[in-house]
Amino acid sequence: MMNIRFALVTVFLIGLAGQLSAADWGSLKGKFVVDGSVGEPAAINVNKDPETCGKHNLVDQTVVVGEGNGLVNAVVFIYTRKALEVHPDYEGAAKEPVVLDNKSCRFEPHVLAVRTGQPLQVGNSDPVGHNTNSAFAMNPGFNQMITSGTPVSLTLTKAEPVPAPVSCNIHPWMKGYVVVRQDPYVAISNDKGEFEIKNIPVGQHEFVFWHEGKGNMRDLALKSGKTDRRGRAKLKIVAGETLDLGEIKVPVAALGK
(Lines give C-alpha, C1' and ligand atoms only; values in the text may rest on other atoms or scores of the structure.)
Protein backbone atom coordinates (compact mmCIF):
# COMPACT_ATOMS: atom_id res chain seq x y z
CA MET A 1 0.00 0.00 0.00
CA MET A 2 2.86 2.35 0.91
CA ASN A 3 4.52 1.77 -2.44
CA ILE A 4 1.27 2.52 -4.27
CA ARG A 5 0.81 5.79 -2.38
CA PHE A 6 4.40 6.77 -3.08
CA ALA A 7 3.94 6.04 -6.76
CA LEU A 8 0.74 8.10 -6.90
CA VAL A 9 2.39 11.04 -5.14
CA THR A 10 5.36 10.82 -7.52
CA VAL A 11 3.10 10.86 -10.57
CA PHE A 12 1.18 13.81 -9.15
CA LEU A 13 4.36 15.79 -8.47
CA ILE A 14 5.72 15.06 -11.94
CA GLY A 15 2.46 16.21 -13.50
CA LEU A 16 2.41 19.34 -11.35
CA ALA A 17 6.03 20.13 -12.28
CA GLY A 18 5.13 19.76 -15.94
CA GLN A 19 2.23 22.19 -15.54
CA LEU A 20 4.42 24.71 -13.72
CA SER A 21 7.12 24.38 -16.34
CA ALA A 22 4.60 24.87 -19.13
CA ALA A 23 3.39 28.08 -17.49
CA ASP A 24 6.88 29.59 -17.23
CA TRP A 25 6.67 31.20 -20.64
CA GLY A 26 5.13 34.37 -21.98
CA SER A 27 5.03 36.28 -25.26
CA LEU A 28 5.69 39.74 -26.65
CA LYS A 29 4.00 41.46 -29.55
CA GLY A 30 3.44 44.88 -31.05
CA LYS A 31 3.13 46.86 -34.25
CA PHE A 32 5.55 49.42 -35.69
CA VAL A 33 3.81 52.35 -37.36
CA VAL A 34 5.67 55.06 -39.27
CA ASP A 35 4.78 58.47 -37.85
CA GLY A 36 4.88 60.66 -40.94
CA SER A 37 5.59 60.19 -44.63
CA VAL A 38 8.81 58.75 -46.03
CA GLY A 39 7.80 59.35 -49.64
CA GLU A 40 8.09 56.92 -52.50
CA PRO A 41 11.11 54.57 -52.52
CA ALA A 42 13.83 55.58 -54.96
CA ALA A 43 14.14 53.57 -58.16
CA ILE A 44 17.30 51.50 -58.56
CA ASN A 45 19.78 52.29 -61.32
CA VAL A 46 20.07 48.83 -62.86
CA ASN A 47 23.55 49.09 -64.36
CA LYS A 48 24.40 45.37 -64.29
CA ASP A 49 22.58 42.58 -66.15
CA PRO A 50 19.76 44.92 -67.25
CA GLU A 51 18.23 42.22 -69.47
CA THR A 52 17.44 40.23 -66.30
CA CYS A 53 17.41 42.68 -63.42
CA GLY A 54 15.68 45.44 -65.36
CA LYS A 55 12.47 43.40 -65.48
CA HIS A 56 11.75 43.65 -61.76
CA ASN A 57 11.01 47.35 -61.09
CA LEU A 58 13.65 47.43 -58.36
CA VAL A 59 13.47 50.12 -55.65
CA ASP A 60 15.46 51.01 -52.56
CA GLN A 61 14.39 48.69 -49.70
CA THR A 62 16.03 50.57 -46.84
CA VAL A 63 12.63 51.75 -45.56
CA VAL A 64 9.62 49.69 -46.56
CA VAL A 65 6.21 50.91 -45.47
CA GLY A 66 3.35 48.44 -45.66
CA GLU A 67 -0.35 48.34 -44.96
CA GLY A 68 -1.61 51.01 -42.58
CA ASN A 69 1.79 52.74 -42.54
CA GLY A 70 3.27 49.66 -40.89
CA LEU A 71 7.07 49.57 -40.78
CA VAL A 72 8.38 46.41 -42.43
CA ASN A 73 11.66 44.68 -41.49
CA ALA A 74 12.11 46.18 -38.04
CA VAL A 75 13.92 43.73 -35.75
CA VAL A 76 13.31 42.93 -32.07
CA PHE A 77 15.49 40.52 -30.11
CA ILE A 78 16.65 39.82 -26.57
CA TYR A 79 20.04 41.23 -25.63
CA THR A 80 21.79 38.82 -23.29
CA ARG A 81 25.27 37.51 -22.53
CA LYS A 82 24.00 34.23 -21.12
CA ALA A 83 22.20 31.28 -22.63
CA LEU A 84 18.42 31.44 -22.30
CA GLU A 85 16.17 28.47 -21.75
CA VAL A 86 14.54 27.52 -25.03
CA HIS A 87 10.95 26.33 -25.29
CA PRO A 88 10.65 22.80 -26.76
CA ASP A 89 8.47 24.09 -29.61
CA TYR A 90 11.54 25.73 -31.14
CA GLU A 91 13.80 22.72 -31.22
CA GLY A 92 12.48 21.14 -34.41
CA ALA A 93 12.80 24.36 -36.38
CA ALA A 94 16.40 24.83 -35.22
CA LYS A 95 17.46 21.88 -37.38
CA GLU A 96 15.76 23.13 -40.54
CA PRO A 97 17.80 25.29 -42.92
CA VAL A 98 17.04 28.98 -43.28
CA VAL A 99 17.18 30.12 -46.90
CA LEU A 100 18.60 33.41 -48.12
CA ASP A 101 17.79 33.57 -51.80
CA ASN A 102 19.16 35.80 -54.54
CA LYS A 103 15.87 36.30 -56.31
CA SER A 104 14.73 38.91 -58.84
CA CYS A 105 18.09 40.65 -58.31
CA ARG A 106 17.36 41.32 -54.64
CA PHE A 107 17.75 39.33 -51.43
CA GLU A 108 14.71 37.35 -50.37
CA PRO A 109 13.94 37.80 -47.56
CA HIS A 110 15.48 41.23 -47.06
CA VAL A 111 16.05 40.48 -43.37
CA LEU A 112 16.18 36.99 -41.91
CA ALA A 113 17.00 35.40 -38.56
CA VAL A 114 19.07 32.28 -37.99
CA ARG A 115 20.24 30.55 -34.82
CA THR A 116 23.81 29.54 -34.16
CA GLY A 117 24.30 25.99 -35.38
CA GLN A 118 21.31 26.20 -37.70
CA PRO A 119 22.08 25.67 -41.41
CA LEU A 120 21.98 28.86 -43.49
CA GLN A 121 21.48 28.11 -47.17
CA VAL A 122 22.38 30.80 -49.70
CA GLY A 123 20.64 30.18 -53.01
CA ASN A 124 20.21 31.80 -56.41
CA SER A 125 16.90 31.65 -58.27
CA ASP A 126 18.07 34.06 -60.99
CA PRO A 127 19.54 33.09 -64.37
CA VAL A 128 22.55 35.33 -63.67
CA GLY A 129 25.31 34.82 -61.12
CA HIS A 130 25.47 36.64 -57.78
CA ASN A 131 28.38 37.11 -55.42
CA THR A 132 26.99 37.03 -51.88
CA ASN A 133 29.16 38.87 -49.39
CA SER A 134 28.41 39.10 -45.67
CA ALA A 135 30.50 41.10 -43.20
CA PHE A 136 30.03 39.29 -39.89
CA ALA A 137 31.54 40.69 -36.70
CA MET A 138 31.84 37.44 -34.73
CA ASN A 139 31.83 34.79 -37.47
CA PRO A 140 34.17 34.32 -40.44
CA GLY A 141 33.20 36.46 -43.41
CA PHE A 142 31.31 34.88 -46.28
CA ASN A 143 32.12 35.97 -49.83
CA GLN A 144 31.25 33.46 -52.52
CA MET A 145 29.91 33.20 -56.03
CA ILE A 146 26.42 31.70 -56.05
CA THR A 147 25.49 30.21 -59.37
CA SER A 148 21.94 29.61 -60.50
CA GLY A 149 20.41 26.50 -58.94
CA THR A 150 23.49 25.67 -56.86
CA PRO A 151 22.96 26.75 -53.24
CA VAL A 152 25.80 27.03 -50.74
CA SER A 153 25.34 26.13 -47.07
CA LEU A 154 27.14 27.51 -44.05
CA THR A 155 26.75 27.28 -40.30
CA LEU A 156 27.37 30.23 -37.98
CA THR A 157 28.65 29.38 -34.52
CA LYS A 158 28.56 32.72 -32.70
CA ALA A 159 25.78 35.21 -32.09
CA GLU A 160 26.14 38.59 -33.78
CA PRO A 161 25.62 41.74 -31.65
CA VAL A 162 23.67 43.46 -34.46
CA PRO A 163 22.16 42.31 -37.76
CA ALA A 164 24.99 41.59 -40.19
CA PRO A 165 24.84 43.26 -43.62
CA VAL A 166 24.74 41.18 -46.79
CA SER A 167 25.57 42.52 -50.24
CA CYS A 168 26.28 41.41 -53.79
CA ASN A 169 29.58 42.50 -55.35
CA ILE A 170 28.16 42.16 -58.85
CA HIS A 171 24.90 44.04 -58.28
CA PRO A 172 25.74 46.90 -55.88
CA TRP A 173 22.13 47.80 -55.07
CA MET A 174 21.50 44.40 -53.48
CA LYS A 175 21.52 44.68 -49.69
CA GLY A 176 20.08 42.59 -46.88
CA TYR A 177 20.68 41.57 -43.27
CA VAL A 178 21.16 38.37 -41.31
CA VAL A 179 20.25 38.33 -37.61
CA VAL A 180 22.34 35.65 -35.88
CA ARG A 181 21.30 34.76 -32.33
CA GLN A 182 22.00 31.88 -29.98
CA ASP A 183 18.32 31.62 -29.05
CA PRO A 184 15.11 31.88 -31.13
CA TYR A 185 13.76 35.00 -29.44
CA VAL A 186 13.83 37.24 -32.51
CA ALA A 187 11.04 38.87 -34.52
CA ILE A 188 11.06 40.74 -37.82
CA SER A 189 8.04 42.93 -38.51
CA ASN A 190 5.79 41.80 -41.35
CA ASP A 191 4.09 43.76 -44.15
CA LYS A 192 1.70 45.28 -41.60
CA GLY A 193 4.46 46.26 -39.18
CA GLU A 194 3.44 43.51 -36.75
CA PHE A 195 5.82 41.34 -34.76
CA GLU A 196 5.50 38.62 -32.14
CA ILE A 197 7.93 36.53 -30.12
CA LYS A 198 6.31 33.52 -28.50
CA ASN A 199 7.29 31.31 -25.56
CA ILE A 200 9.86 33.59 -23.94
CA PRO A 201 11.19 32.57 -20.50
CA VAL A 202 9.46 34.58 -17.78
CA GLY A 203 11.25 37.46 -16.11
CA GLN A 204 12.69 40.80 -17.08
CA HIS A 205 14.64 40.87 -20.33
CA GLU A 206 16.43 43.61 -22.22
CA PHE A 207 15.06 43.85 -25.74
CA VAL A 208 16.81 45.52 -28.68
CA PHE A 209 14.76 47.45 -31.26
CA TRP A 210 16.62 47.84 -34.56
CA HIS A 211 16.02 49.00 -38.13
CA GLU A 212 18.50 49.35 -40.94
CA GLY A 213 17.59 52.99 -41.56
CA LYS A 214 19.62 54.23 -38.57
CA GLY A 215 20.43 51.06 -36.65
CA ASN A 216 19.33 50.94 -33.02
CA MET A 217 15.94 52.62 -32.64
CA ARG A 218 16.48 55.03 -29.77
CA ASP A 219 13.83 56.98 -27.85
CA LEU A 220 10.92 54.89 -29.09
CA ALA A 221 7.92 55.54 -26.86
CA LEU A 222 6.58 52.28 -25.41
CA LYS A 223 3.65 51.69 -23.07
CA SER A 224 6.03 51.91 -20.14
CA GLY A 225 9.03 54.12 -20.77
CA LYS A 226 11.06 54.26 -23.95
CA THR A 227 14.09 52.70 -25.59
CA ASP A 228 17.45 54.09 -24.51
CA ARG A 229 20.23 55.49 -26.70
CA ARG A 230 21.23 51.91 -27.61
CA GLY A 231 17.71 51.07 -28.75
CA ARG A 232 17.11 48.84 -25.72
CA ALA A 233 14.25 48.55 -23.26
CA LYS A 234 13.73 46.31 -20.24
CA LEU A 235 10.40 44.50 -20.41
CA LYS A 236 8.86 42.01 -18.01
CA ILE A 237 7.48 38.77 -19.42
CA VAL A 238 4.78 37.19 -17.26
CA ALA A 239 3.92 33.49 -17.23
CA GLY A 240 1.05 32.58 -19.51
CA GLU A 241 0.53 36.15 -20.74
CA THR A 242 1.32 38.19 -23.85
CA LEU A 243 2.84 41.60 -23.31
CA ASP A 244 1.20 43.67 -26.04
CA LEU A 245 3.08 46.88 -26.77
CA GLY A 246 0.33 48.00 -29.15
CA GLU A 247 1.23 50.55 -31.79
CA ILE A 248 4.80 51.78 -31.55
CA LYS A 249 5.12 55.05 -33.44
CA VAL A 250 8.40 55.38 -35.29
CA PRO A 251 9.30 58.98 -36.22
CA VAL A 252 10.48 59.45 -39.78
CA ALA A 253 13.73 60.93 -38.44
CA ALA A 254 14.45 57.62 -36.67
CA LEU A 255 14.57 55.98 -40.10
CA GLY A 256 17.06 58.44 -41.54
CA LYS A 257 14.43 60.25 -43.58
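That block above? That's the structure.
Keep in mind the model is a prediction, meaning the values are calculated, not measured. (Residues numbered from 1 in each chain as written. Predicted model: local features only at pLDDT ≥ 70, side-chain atom pairs only at ≥ 80, totals over all residues. Heavy atoms only, no water.)

**Describing the overall build of the chain**
Here is step 1 of the chain: Within the chain one finds 2 helices and 19 strands.
Here is step 2 of the chain: Dimensions along the principal axes, computed over C-alpha positions, put the chain at roughly 85 × 45 × 30 Å.
Here is step 3 of the chain: For the chain, the residues scored as buried account for 41% of the 257 residues in total.
Here is step 4 of the chain: For the chain, the proportion of contacts with a sequence separation of at least 24, taken over those separated by at least 6, is 69%.
Here is step 5 of the chain: Carbon and sulfur atoms provide 52% of the accessible area of the chain, an area that totals close to 13,500 Å².
Here is step 6 of the chain: Seen as two clouds, the 27 positive and the 26 negative side-chain charges of the chain have centres 6 Å apart. (Helix = DSSP H or I, 4+ residues; strand = E, 2+ residues; numbered from the N terminus. Buried < 20%, exposed > 50% of the residue type's maximum accessible area, 1.4 Å probe, protein only. Contact = heavy atoms within 4.5 Å. Areas by Shrake-Rupley, 256 points an atom, 1.4 Å probe, with all protein chains shown as cover. Lys, Arg positive; Asp, Glu negative; His and termini not counted. Charge placed at Lys NZ, Arg CZ, Asp CG, Glu CD.)

**Points about the sheet that holds strand β9 (residues 130-134)**
Here is step 1 of the chain: Across the sheet, which stays open at both edges, the 5 strands sit in the order β7-β13-β12-β9-β10 with mixed pairing between neighbours. In the strand order of this sheet, the two ends are held by β7 (111-115) and β10 (142-146), each with one partner. Averaged over all adjacent pairs, the angle separating strand axes in this sheet is 25°, with direction ignored.
Here is step 2 of the chain: Inspection of the sheet shows β7 paired to strand β13 (residues 175-181) by 5 bridges, in the parallel sense. Its bridge partner lying in β13, V111 is registered against Y177. (Pairing = 2+ DSSP bridges. Axes fitted to C-alpha atoms, helices over the stretch in contact; angles between N-to-C directions.)

**Concerning the pattern of salt bridges**
Here is step 1 of the chain: For the structure shown, the criterion picks out 3 salt bridges.
Here is step 2 of the chain: E206 is the partner of R230 in a salt bridge, and the nearest nitrogen-oxygen pair spans 3.6 Å. Placement of R230 in the loop between β17 (215-216) and β18 (232-237) and of E206 in strand β16 (residues 203-211) is noted, with a sequence separation of 24 residues between them.
Here is step 3 of the chain: A relative accessible area of 33% places R230 in the partly exposed class.
Here is step 4 of the chain: Note on E206: relative accessible area 18%, which makes it buried.
Here is step 5 of the chain: One salt bridge connects K226 with D219, and the closest N-O pair in it is separated by 3.7 Å.
Here is step 6 of the chain: Classification of K226 as exposed rests on a relative accessible area of 53%. (Salt bridge = Lys/Arg side-chain N within 4 Å of Asp/Glu carboxyl O.)

**Description of the nonpolar core**
Here is step 1 of the chain: The biggest cluster of nonpolar side chains holds 31 residues, and the ones touching the most others in it are L28, F32, L71, F207 and F209.
Here is step 2 of the chain: Where this core is concerned, the elements lending two or more residues are β1 (25-35), β4 (75-79), β15 (194-201), β16, β18 and β19 (242-251).
Here is step 3 of the chain: Leaving out residues up to four positions away in the same chain, F207 has contacts with L28, V76, F77, I78, I197, I200, G231, R232, A233, L235 and I237.
Here is step 4 of the chain: Membership of the second largest hydrophobic core comes to 23 residues, among which are F107, F136, V166 and M174. (Core = buried A, V, L, I, M, F, W, Y, C linked by side-chain atoms within 4.5 Å.)

**Details of the packing of aromatic side chains**
To describe a pair of aromatic rings, you give the distance between the ring centres and the angle between the ring planes.
Here is step 1 of the chain: Within the structure shown, the criterion is met by 4 aromatic pairs.
Here is step 2 of the chain: Taken together, a centroid distance of 5.1 Å and an interplanar angle of 65° make the contact between Y177 and W210 edge-to-face. Taken together, the residues Y177 in strand β13 and W210 in strand β16 connect sequence positions 33 residues apart. As far as the burial class goes, Y177 and W210 line up, both buried. (Phe/Tyr/Trp six-rings, centres within 6.5 Å; stacked < 30°, edge-to-face > 60°.)

**Observations regarding the state of the cysteines**
Here is step 1 of the chain: Going through the model one piece at a time under the given rule, you end up with 1 disulfide.
Here is step 2 of the chain: The residue that forms a disulfide with C53 is C105, at a sulfur-sulfur distance of 2.0 Å. The sign of the S-S torsion, about -70°, decides the handedness of the disulfide formed by C53 and C105: left-handed. On the criterion of sequence distance, the pair formed by C53 in helix α2 (residues 50-53) and C105 in the loop between β5 (98-103) and β6 (106-108) is long-range, its members being 52 residues apart.
Here is step 3 of the chain: Owing to a relative accessible area of 0%, C53 belongs among the buried residues under this scheme.
Here is step 4 of the chain: Lacking any disulfide linkage, C168 is separated from the closest cysteine sulfur, that of C53, by 8.4 Å. (Disulfide = S-S within 2.5 Å.)

**Observations regarding the side chain of H87**
Here is step 1 of the chain: Within the secondary structure layout, H87 lies in the loop between β4 and β5.
Here is step 2 of the chain: For H87, a relative accessible area of 13% translates into the label buried.
Here is step 3 of the chain: Here the side chain of H87 touches D89 through a polar contact of 3.0 Å, landing on its backbone nitrogen.
Here is step 4 of the chain: If near-sequence neighbours (up to four positions away) are discounted, H87 is found in contact with W25, Y185 and N199. (Polar contact = N/O pair within 3.5 Å; in protein donor to acceptor, adjacent residues only side chain to side chain.)

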